[in-house]
Amino acid sequence: MAKKNLIVGQSGGPTAVINSSLYGVVSEGLAHDGEIGEVYGMINGIEGFLEDRILNFRESLSGEKLEYLKHTPGAYLGSCRCKLPESLEDPVYPLLFEKFEKLNIGWFFYIGGNDSMDTVSKLSRYAAQIGSSIRIIGVPKTIDNDLVHTDHTPGYGSAAKYVASTVREIVLDASVYEKKSVTIVEIMGRHAGWLTAAGALARKYEGDNPRFIYLPESDFDTERFLKDMESALDKDCCVVVCVSEGIHDAEGKFICEYNSAVGTDTFGHKMLAGCGKYLENLVRDRLGVKARSVELNVSQRCSASLISAADQQEAVDAGIYGVQAALKGETGKMVSFIRHAAEDGSCSIECGLEDVNAICNEEKPVPSEWIINRGSDVSGEFIKYALPLVQGQVEVPLGRDGLPVFIYRK
């Protein structure tokens, strides 16, 4: 009987280390050539798979080239934002499993965030319903760090390192003049402020900029914000502020909606951007001081130059662990991270497994006890949590042009 084959896909927004998890899955799959036949990749996730767009890793990417995945940002296989139907009676499910059967798939891996884990949940439940032997595993990724039942997610550490480093640079740039000024840094985060909170890591001493950090876990009051700015400007001529793109008022209206009309994405989520610009204009008009806003945008998730070595290794480990778990018969699970803290403040991380049905469509907010000063800052507990995740630097090879060398899919 022919050996079963493995297939892997990537979904949702990329991270600086989503390809490291892909490397983990593919390298471990190739290493088990006694049990696993071919190792396939879905081009543009489940959406591309439905259109029969796949590649064979043994033929297209192996050896030294495979290693380049670990420092290449973006999603090597391409991504998608395809939400499978809620009803398992939908004809797409038998179609998918018919395609799995034609490719002799025994193991299915999906690397992604919340909506991707929803796909893992639906496929694993349908597999159980029809008695399929395919093992289906989710490998987490998201810079938002909002997946439940895991200490953190691959991608967050590198994005947090980028945010902290960039904010520290912005603080130095903003402080060169004596003139009073407010600089607002807008950071990704719809409902969870984990990434914006990383701005606190930029501080070099107590009372340093960024002076204020506003997260979507707390209601945002523009009048209180202006008073915060006035108070800070009385003590220092330079004030830097970090805000989540998803900050909202007490009625639940996003602050960015006061700036311009907001569209929606394919999942029905409002497309957030512009709260920084709105607050910039508010400060300039109401306080009469120099104001500017900086939207970090996609750089937060695609900066290879600031990959956290700890994050990269954990992303690889998550992919490897997922394959090992599937080979032992596990299915309908997501790889998780478990933290073991030491008395000296250090910690170690190990992989585990969690029921994907308890993870998908849930969100993990920053703990309320870590949000202080009436919602304008984060506590030292957050610092202790985040610091281990941003440690270490990854050396990205440079080409003759002095620029990073990445691996591209042709």
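To keep things clear, this report deals only with the structure shown in the data block. Treat the numbers as computed from the prediction; the structure is a model and nothing was measured. (Residues numbered from 1 in each chain as written. Predicted model: local features only at pLDDT ≥ 70, side-chain atom pairs only at ≥ 80, totals over all residues. Heavy atoms only, no water.)

Right, let's get into the nonpolar core. Ranked by internal contacts, the top residues of the largest apolar core, which has 38 residues, are Tyr156, Val185, Trp194, Leu195, Phe382 and Tyr385. Going through the elements one at a time, α7 (156-174), β6 (181-187), α8 (194-197), β8 (238-244) and α13 (380-386) are the ones with two or more residues in this core. Among the elements that make up this core, the one with the highest residue count is α7 (10 residues). In contact with Leu195, other than residues within four places in its own chain, are Ile143, Tyr156, Ala159, Ala160, Val163, Ile187, Met188 and Gln300. The next biggest cluster of nonpolar side chains, apart from the first, holds 31 residues, and it includes Ile43, Tyr76, Val323 and Phe337. (Core = buried A, V, L, I, M, F, W, Y, C linked by side-chain atoms within 4.5 Å. Buried < 20%, exposed > 50% of the residue type's maximum accessible area, 1.4 Å probe, protein only. Helix = DSSP H or I, 4+ residues; strand = E, 2+ residues; numbered from the N terminus. Contact = heavy atoms within 4.5 Å.)

Below, the discussion takes up the packing of aromatic side chains. Two measures describe an aromatic ring pair: the distance that separates the ring centres and the angle between the ring planes. Counted by the stated rule, this structure contains 17 aromatic pairs. Plain terms: the ring middles of Trp370 and Phe382 are 6.5 Å apart, the flat faces sit at 70° to each other, and that makes the pair edge-to-face. Here Trp370 is found in the loop between β11 (347-355) and β12 (371-372), whereas its partner Phe382 is found in helix α13, with 12 residues between them in sequence. Owing to a relative accessible area of 0%, Phe382 belongs among the buried residues under this scheme. The structure contains a cluster of three or more aromatic residues connected by ring pairs, namely Phe49, Tyr93, Phe97, Phe100, Phe108, Tyr110 and Tyr126. Just above the ring of Tyr23 sits the side chain of Lys70; from NZ or CZ to the centre is 4.8 Å. In this structure, Lys253 packs its charged tip against the face of Tyr258, placed 4.2 Å from the ring centre. (Phe/Tyr/Trp six-rings, centres within 6.5 Å; stacked < 30°, edge-to-face > 60°. Lys NZ or Arg CZ within 6 Å of the ring centre and 35° of its normal.)

One can find Ser62 in the loop between α3 (57-60) and α4 (64-67). Taking the C-alpha atoms as reference points, Ser62 and Leu123, 61 residues apart in sequence, are found 28 Å from one another.

For β6, a buried count of seven out of seven residues is recorded, marking the element as mostly surrounded by other parts of the structure. For β6 and strand β9 (residues 290-295), the ladder comprises six bridges, and the chain directions are parallel. Looking at β9, one finds that Ile184 is bridged to Ser293. (Pairing = 2+ DSSP bridges.)

With that out of the way, let us pick up the sheet that holds strand β7 (residues 212-214). Taken in spatial order, the four strands of this open sheet run β7-β8-β6-β9, and their pairing is parallel. One side of each edge strand has no neighbouring strand; the edge strands of this open sheet are β7 and β9. The average angle at which neighbouring strand axes cross in this sheet is 15°, direction not considered. For β6 and β8, the ladder comprises seven bridges, and the chain directions are parallel. In the sheet register, Glu186 faces β8, and the bridge partner there is Val243. The strands touched by helix α10 (residues 275-287) within the sheet are β6, β8 and β9, with β6 carrying the most contacts at an inclination of about 165°. (Axes fitted to C-alpha atoms, helices over the stretch in contact; angles between N-to-C directions.)

Axis separation between helix α5 (residues 92-102) and helix α6 (residues 114-130) bottoms out at 11 Å; the angle between their running directions is 80°. Our classification of the angle between α5 and α6 gives roughly perpendicular. Facing α5, whose interface residues are Tyr93, Pro94, Leu96 and Phe97, α6 presents Lys122, Leu123, Tyr126, Ala127 and Ile130. The class makeup of the residues in the contact of α5 with α6 is eight nonpolar, no polar and one charged. (Parallel < 35°, antiparallel > 145°, perpendicular 65-115°, else oblique. Nonpolar A, V, L, I, M, F, W, Y, C, P; charged D, E, K, R; others polar.)

This part is about the pairing of strand β1 (residues 5-10). Extensive coverage of β1 is indicated by the burial of six of its six residues. Going residue by residue along β1, you find Asn5, Ile7 and Gly9 tucked away on one face and Leu6, Val8 and Gln10 tucked away on the opposite face as well. Both β1 and strand β2 (residues 39-42) contribute to a ladder of three bridges, which runs parallel. Bridge pairing in β2 places Ile7 opposite Tyr40. A crossover connection joins β1 to the parallel β2 through helix α1 (residues 18-31); in handedness this β-α-β unit is right-handed. (Right-handed = clockwise from strand over helix to strand, strands pointing away.)

The next point concerns the pattern of salt bridges. As enumerated under the stated definition, the model contains 18 salt bridges in all. Between Lys83 and Asp115 there is a salt bridge, and its shortest N-O distance comes to 3.9 Å. A residue pair is termed long-range when its members are at least 10 positions apart, and Lys83 in the loop between α4 and α5 and Asp115 in helix α6 qualify at 32 residues. Residue classification places Lys83 among the partly exposed positions, given a relative accessible area of 37%. Between Arg286 and Glu223 there is a salt bridge, with its nearest N and O atoms 2.9 Å apart. Of this pair, Arg286 sits in helix α10 while Glu223 sits in helix α9 (residues 222-235), and the two are 63 residues apart along the sequence. Using a relative accessible area of 40% as the deciding quantity, one classes Glu223 as partly exposed. The network of salt bridges with common partners includes Lys83, Glu86, Asp115, Asp118 and Lys122. (Salt bridge = Lys/Arg side-chain N within 4 Å of Asp/Glu carboxyl O.)

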